[in-house]
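# Secondary and tertiary structure notes
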Amino acid sequence: ELRVEPVPTGLRFVARATGFLRHMVRNLVGTLVAVGRGEQSAAGIEALLAGRDRRLAPPTAPAAGLYLTAVEYPAAWGLPPPAPDGPFPGLGIIPP
């Protein structure tokens, strides 16, 4: 799941998955930003993914501002539930 949400300072990209590859979210966000700026067509994303050549994609989004806000595990694992205010209490990070 990848959502784009407007916030007072710009946009928030929320990604949720069962696993991530290195730079995966940053690559997706960089491509979506390029589409929003008109530098990449939305229709061209499918061809870009099918081509499997990262060199043809827009630049990777910078890591600044990228935060891990939660990690969830299957209930069958018997782990304690996450903290209600996220993994970093008191830092003002808004849970997804």
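This text gives an overview of the structure that appears in the document.

### Regarding the pattern of salt bridges
Summed over the entire model, instances satisfying the criterion amount to five salt bridges. One salt bridge connects Glu5 with Arg12, and the closest N-O pair in it is separated by 3.6 Å. Since its relative accessible area comes to 22%, Glu5 is described here as partly exposed. With a shortest N-O distance of 2.5 Å, Glu72 and Arg16 are connected by a salt bridge. Placement of Glu72 in the segment after helix H2 (44-51) and of Arg16 in the loop between strand E2 (10-15) and helix H1 (24-36) is noted, with a sequence separation of 56 residues between them. For Glu72, a relative accessible area of 53% translates into the label exposed. Linked by salt bridges that have partners in common, Glu1, Arg3, Glu5 and Arg12 make up one network.

### As for H1
Here H1 spans 18 Å end to end across 13 residues, near enough to the 18 Å set by a 1.5 Å rise per residue. Of the surrounding secondary structure, the elements contacted by the buried residues of H1 are E2 and H2.

### Some points on the side chain of Thr31
Secondary-structure assignment places Thr31 in helix H1. Residue contacts for Thr31: discarding those within four places in its chain leaves Ile45, Leu48 and Pro58.

### Regarding the pairing of E2
Pairing of strand E1 (residues 2-7) with E2, which is carried by six bridges, proceeds in the antiparallel orientation. Directly across from Val4, in E2, lies its bridge partner Phe13. Hairpin connection between E1 and E2: a loop of two residues separates the two successive antiparallel strands.

Calculation notes
Residues numbered from 1 in each chain as written. Predicted model: local features only at pLDDT ≥ 70, side-chain atom pairs only at ≥ 80, totals over all residues. Heavy atoms only, no water. Salt bridge = Lys/Arg side-chain N within 4 Å of Asp/Glu carboxyl O. Buried < 20%, exposed > 50% of the residue type's maximum accessible area, 1.4 Å probe, protein only. Helix = DSSP H or I, 4+ residues; strand = E, 2+ residues; numbered from the N terminus. Expected span 1.5 Å × (residues − 1). Contact = heavy atoms within 4.5 Å. Pairing = 2+ DSSP bridges.

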